[in-house]
Amino acid sequence: MRTTKALPLALLALLVAVAMVSSGCGSNGGAGAATAASADETATAGDNASTDAGGTPTDGGVLKLATSFDVDPPTFFTGNNAQAFIAGSVYDRLIDYPPDSLEPQPSLAKAWKLSKDGKALTLQLRDDVTFHTGRKFTSKDVQFSIEQYADPKRVAQFQRTAAAVVGFDTSKPYEVTLKLAHPTSNIFDLLATVPILDRRTIGEFDTGKNFVGTGPFEFVSWTPGSKVVLKANKDYWGGAPHLEGAELEIVPNSQTQVSQLRAGQVDGIYDASFVDLQSLEASGQFQLLKLIGTDRALYVGANVESNVLKDPRLRQAIAYAVDRDRIANDVFRGFATPINLPWPSYSPAYSAKDNTTYTLDTDKAKQLVGEIGNVPTVPLSYVAESPNASASAQIIQSNLEAVGIPVKLEPTDVAQATKQLIGGEYPGLWVTEHSFGQFSPSTLAVTAYPFNAEQNASNFASPAYEKAADAAWESPEPKSPAALQAYKQINDILLKDLFLIELVDFDPVVAATPDLHGVTWTKRNELDLANAYLSH
Amino acid sequence: MSGALAAAAAPRRPSQARAALLRGQGLVGLVLVGIVVLAGLLAPVLAPYGPNEQLADGNLLESTAGHLLGTDEVSRDVLSRLLYGIRVDLLVIFIAVPIGAAIGSLVGLLASTWGFADVIAQRTFDLILAFPALILAITLATIMGPGVVTVSVVIIAAEIPIFGRLVRTSVLSVRELPYVEASTVVGASRWWVLRRHVLPNSLESLTVQLAVSMSVAVFVEGAMSFLGIGVRPPTPSLGTLINDGMRNIYVAKVQVVGPLVAVVMLVLGFLLISQSLGKARRG
Amino acid sequence: MVRYLIRRLPSALAVLALASVLIFLLIRLVPGDPATTLAGPGAPPQALAELRSELGLEGSLPSQYLSWVGSVVTLDFGRSFVIGGDIGTLIAEGLGNTLVLAGAALAIALVLSLLAGLAAVILDSRWLNAVLAAFSTAGLALPTFVTGPVLILVLAVLLPVFPAGGTPPGGPFEEPGATLEFLILPAICLGLPVAAALSRFLTESLRTQMRQPYVMTARALGIPRRRIVVTQVLRNALPAAMTALGIQVGYLLGGAVLVETIFAWPGLGQLIAKAIGGRDYPLVQVLLLLSVVVFVAIQLATDLIHAYLDPRVRLGGRSG
């Protein structure tokens, strides 16, 4: 009887122990490397983290990447990583922004001129560009693409800007004039984002059967739930790419992605957690491509119509109570920096001073809470699937409870969260990420769901805010004195009314093999593989 | 099923089951389960910190003197979370499973006694069984939201047909036996037959199934947490702790060992208990 | 046999019918209006109305139900809103992948449990029994979301023997050799708990048979133990294990949700999770119905095999 008793136990323990030890063998004690090489905000324009010391590009090879979410043709313009993969390599845009500035660079448009009244933008187009089907690219394709983008059913971020283009002059094949309803300061944001579509194959675009563009790679196939396959476009106007092809695998589980990278099965992954990024970096065997300039920010939103959050003093208390440094270090492992405003340093609306208006000050927070009196429990919603949101929510809850604001966590799923965001239906607070601060400042104030002055997720309505947002938008130039004045007003409102409270900002990171070089990217996270190559 | 027939040949007394539990495998099983249960019940006494206390000591630490199982990414002591996390699973195991078992057994009993109820009950059982537990879980979570209550409802729903079928089979097989038929002929009422003959015989296969179901319940709770529809943060549970530990496996290996060992002990314990009761039944 | 099958059909169809009603009602129980959820809050009323009629939300409940059943029976499943594409195609592709995975897992489970059961009974070694008990407990105690990543860590990252998830380049049906490589780890992960449960049932069933008088008689006659087990005992022990098998196969589809996510195997499990999470109601309805159909079919199949092996059942006796 003795052996029967003890053996199952012992063997089981042995099994578990072996599994644990061997799982630990491949790792590195990354915990100490907290702020090591992580957030390098001072990187310069040319340094896209894939600069190589190793000289000449080699031709050939297929780049394999992995990401969690699949392509969804009806909402292609919302730009998740898979859609960005296609948009970045299969399509070109009229202009491109460099990672760290808002100066438009020529792409399909060679030169451009804005009329004096700011209501007409004329662009000279390249005449040596063909679609992957062989058809020449002309001004009519520009009109078609912008009109498609403006269609509300496509739920595009810059839809409002696209709708401001009320007329086109496509009489000349290599020149297009956009007639604007009013001067539009973020018109170049639109042109840096709209992929130039082939009007003949739009039906196939809608069903995801074929994506025809002018870009350095041609679409080969999409197996839903499985992978996207691209091959090199040898006749690309910018010169044939070095790579033979590129593939994107859909791998829902973040840890599996990390395993695939470690096993050499893929060359780059989009969705490693920051904890994994830390240990990948510490191992010295991988490179971290920080997509500088694509800017994401974590924020706490507040539904100002809810009873408990009506009082701006409570929102102020929250702004003082949250420990941004902790979130930046513990959740984002040093890859993020605390902020109060959504603008990166090169944005015309950026203000270093204003960006540190609210720092951790529990005394002030407690004082404000004391003034209010009895604070009922505030719900804090977040997407359960996202480890960043979940961990941040728990830290925020602890911070707020320490100053006397009781918080109840409300985990939701993506579908519910999207609905609540678009409809302004959050019961109280919520924590999630937003982007688009990296574009012209008016973009946030007129198009982003959390910020839109007309109708936003916080249900914040203010004539002053709408006025400032419109003034910022309807200026012909993003840096004109009137525009800068409008940005200042917007910043003041953001900091005073606090209908959302910025926490930290960061750039997404792609963990990759050190053999990958020459990758660039747009501000929308779209990797541009035109000059990328794999050394061996 | 033939085992049930053989065992029902002569009624076993509860004392024999008890005797089986206190020897050999059964004892080991009891001890394993007992350790985990005790650890959970004594959590307020044993745990060095609160389960949701975020400490200034440090983030994602490995095992140290102050934190035997390290800390997690929100700077909480993992050992304390483990002890309190066991409590959530105890709730699920010792409340949800028995409730499901009770409802299922009752329905099974009723079904086997009255003919027309039988057909309805059988189809209902098949209906519930037709939906794999995890898919049922995802669907329920979409309607009810995630949380301990949802987890419990899923487990209760999953247990009902299992126990219902078990009891029904048991009752039907006992009813066929000569001495039971004889007692009916002599004038014993349905209830008397149930109480005197059916119940004692079913009891042992019920307890075996109870043990198995409890170990499955632990698994379901963990799987739901993996899918993000289980116990709500910041409340710890064995499932959420295992998931957190797996996520941080490269950085803080020790985090996952604690809850995993607790789960293994629970499951192994229940299985040993069920095995020893099964042996006793067979004689 | 055919008569037995016909006798079992009505109850199977009844379950299907009840399930379809339940599924139909379940979708309408989810909070929020399906049309608004799918179209987005900014959608104009006309788009919403179109969507409602496409989703079959117009008219009285009974008429909605009937038209849905009608469309399903004619295999006209409609369009998926969230994932995009024709539902029929999505399901066909996913079904193929999941069948391959579940089939492999089942095969592994059957082989392992047969070996374990036979070894336990033929060799009858105390040491072996302990080892088998340990492995079966490990299989049942270790959750799938632990064994999966651990298998990947050990057999794909540390020792690069197998790929770390994913599918072979041409899809699972192109090249059997490549498919096998990608299939082994997820199949083991999915099949392990089933193997553990089955081996326990089978071993118990075999042991019960071994205690029967006919075995003692055979031994007394000098027939070697191995022959008795393989030719007689096994056949008698299988029926009881069959019922367990039916329930275990039901587990496979649920377990597939986890395993397919971890190993990036694009099958129905992943599809169901995505569909429910994305509130893709038409797709969810069809998938749930499919899962019920599969379950009922498998129950019928195991009942048939049970009846084939155990004449008493076939002839109308009550045996479970």
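Here the structure is a predicted model, which means the values were calculated and not measured.

(A) Broad picture of the overall build of chain A. A count of helical and extended segments in chain A gives 16 helices and 23 strands. Per-residue burial for chain A yields a buried fraction of 55% across its 536 residues. Put simply, of all contacts in chain A between residues at least 6 apart along the chain, 71% involve residues at least 24 apart.

(B) Representation of helix H8 (residues 274-282) of chain A in the model. Residues and elements named next belong to chain A. Among the nine residues that make up H8, nine are buried, leaving the element largely enclosed by the rest of the structure. Looking only at H8, the buried set comprises Phe 274, Val 275, Asp 276, Leu 277, Gln 278, Ser 279, Leu 280, Glu 281 and Ala 282. Those residues of H8 hidden inside the fold are in contact with helix H7 (254-262), strand S12 (287-290) and strand S19 (509-512).

(C) Molecular detail of the pairing of strand S13 (residues 296-302) of chain A. Residue and element names in this part refer to chain A. Burial analysis of S13 places six of its seven residues in the buried class, which makes it a mostly covered element. Bridge count between S13 and strand S18 (residues 500-506): six bridges; the pairing is antiparallel. The residue bridging Val 300 from the neighbouring strand is Ile 501, located in S18. Summarising the sheet, S13 and strand S17 (residues 429-434) pair through six bridges and their orientation is antiparallel. Counterpart to Gly 301 in the pairing with S17 is Trp 430.

(D) Examining the sheet that holds strand S6 (residues 165-169) of chain A more closely. Residue and element names in this part refer to chain A. What the four strands build is an open sheet, ordered S4-S5-S7-S6; its pairing is antiparallel. Strands at the two margins of the open sheet, each flanked by one partner only, are strand S4 (109-114) and S6. Averaged over all neighbouring strand pairs, the angle between strand axes comes to 20°, with direction disregarded. In the sheet, S6 pairs with strand S7 (residues 175-180) via four bridges, with the strands oriented antiparallel. The residue bridging Val 165 from the neighbouring strand is Leu 180, located in S7. Here helix H3 (residues 139-150) sits on the sheet and contacts strand S5 (120-125), S6 and S7; the angle it forms with S7, its principal contact strand, is near 35°.

(E) Here's a closer look at the confidence of the model for chain B. Residues and elements named next belong to chain B. When pLDDT is averaged along chain B, the result is 81; 89% of the residues meet or exceed 70. The low-confidence segment residues 1-11, where pLDDT is below 50, has 24 contacts with residues more than four positions distant or belonging to other chains. Interface predicted TM-score (ipTM) for the complex: 0.82; the corresponding pTM is 0.85.

(F) Broad picture of the confidence of the model for chain A. For chain A, mean pLDDT is 87; residues scoring 70 or higher make up 90% of the total. Low pLDDT (under 50) marks residues 14-53 of chain A, which in the prediction has 68 contacts with non-local residues, meaning those over four places away or in another chain.

(G) Structural context of the environment of C:Ala120. All names here are of chain C. With respect to the helices and strands, Ala 120 occurs in helix H5 (residues 87-123). The class of Ala 120 is buried, set by 21 C-beta atoms lying within 10 Å. Sequence separation between Ala 120 and Thr 203 is 83 residues; the distance between their C-alpha atoms is 7.1 Å.

(H) Broad picture of unusual backbone geometry. Cis geometry marks the peptide bond from B:Pro233 to B:Pro234, where omega comes out at 0°. Structurally, the position occupied by B:Pro234 is in the loop between helix H10 (190-226) and helix H11 (238-247). Located in the positive-phi region is A:Leu498, a residue other than glycine, with phi close to 45°. Inspection of the secondary structure assignment puts A:Leu498 in the loop between helix H16 (481-497) and S18. Classification of A:Leu498 by C-beta neighbours within 10 Å gives buried; the count is 25.

About the criteria used
Residue numbers here run from 1 along each chain, matching the order of that chain's written sequence. All chains are assigned letters beginning at A, and all ligands numbers beginning at 1, according to the order in which they are written. Since the coordinates come from a predicted model, pLDDT governs what is reported: local features require at least 70, and pairs of side-chain atoms require 80 or more to be given and counted, while whole-chain, interface and lining totals use all residues. Each helix is a run of H or I in the DSSP string that is no shorter than four residues. Each strand is a run of E no shorter than two, and both are numbered from the N terminus. The burial label depends on the number of other C-beta atoms within 10 Å of a residue's C-beta. Counts of 20 or more mean buried, 12 or fewer mean exposed, and intermediate counts mean partly exposed, with C-beta atoms placed from the backbone. Contact between two residues is assigned when their C-beta atoms, built from the backbone, lie within 7 Å. When DSSP locates at least two bridges between a pair of strands, those strands are taken to pair. Helix axes are fitted only over the stretch in contact, all axes being lines through C-alpha atoms; the angle between N-to-C directions runs from 0 to 180 degrees. As a per-residue quantity, pLDDT reports the predictor's confidence and falls between 0 and 100.

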